[in-house]
Amino acid sequence: MWYNILLAGQPAEGAPNPLITFLPLILIFVVFYFFLIRPQKKKEEQRQKMIAALKKGDKVVTIGGIHGTVTQVDDTSILLQVDSNTKLRVEKSAVATVLSKD
């Protein structure tokens, strides 16, 4: 009787290995990680470094397409001079690119 109980826990002959059953799912996750998740993390790290390095005099473009020169940097926002007498305060996270430092 105890012999039958021990055999009940064993996979039947011809049943596929559970690892082989989940192998396609594991491979899909690995592909997603290397082609989508990892590059996105690297891009976000570069963006955070760019935002942290903003300083007075940098020429930037916001995500709304506004070009301006940084005139003041605060903790969470910057003051952009977009014309000779027009200044805008925008969040640092709204900066899309830094064009040049001069």
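Structural data are supplied above this passage.
Below is a summary of the structure that appears in this document. Note that the structure is predicted; figures quoted are calculated from it, not measured.

Analysis parameters
Residues numbered from 1 in each chain as written. Predicted model: local features only at pLDDT ≥ 70, side-chain atom pairs only at ≥ 80, totals over all residues. Heavy atoms only, no water. Salt bridge = Lys/Arg side-chain N within 4 Å of Asp/Glu carboxyl O. Helix = DSSP H or I, 4+ residues; strand = E, 2+ residues; numbered from the N terminus. Pairing = 2+ DSSP bridges. Phe/Tyr/Trp six-rings, centres within 6.5 Å; stacked < 30°, edge-to-face > 60°. Buried < 20%, exposed > 50% of the residue type's maximum accessible area, 1.4 Å probe, protein only.

Before going further, it helps to examine the pattern of salt bridges. This model, assessed by the stated rule, comprises one salt bridge. One salt bridge in this structure joins Asp-74 and Arg-89, with 2.7 Å as the shortest N-O distance. Remark: Arg-89 occurs in strand S4 (residues 86-91) and Asp-74 occurs in the loop between strand S2 (67-73) and strand S3 (77-83); sequence separation between them is 15 residues.

Once that is clear, we can look at the pairing of S2. Examined bridge by bridge, strand S1 (residues 59-62) and S2 share three bridges and lie antiparallel to one another. Residue Val-61 lies in a different strand from S2, and its bridge partner there is His-67. Counting the residues between successive antiparallel strands, the hairpin from S1 to S2 contains four residues, one of them, Gly-65, with a positive phi of roughly 90°. Taken together, the four bridges between S2 and S3 define a ladder with antiparallel strand orientation. What sits directly across from Thr-69, in S3, is Gln-81.

Okay, the packing of aromatic side chains next. For the structure on display, the rule yields one aromatic pair. Measuring from ring centre to ring centre gives 5.2 Å for Tyr-33 and Phe-34, while their planes differ by 85°; the resulting arrangement is edge-to-face. Since its relative accessible area comes to 45%, Phe-34 is described here as partly exposed.

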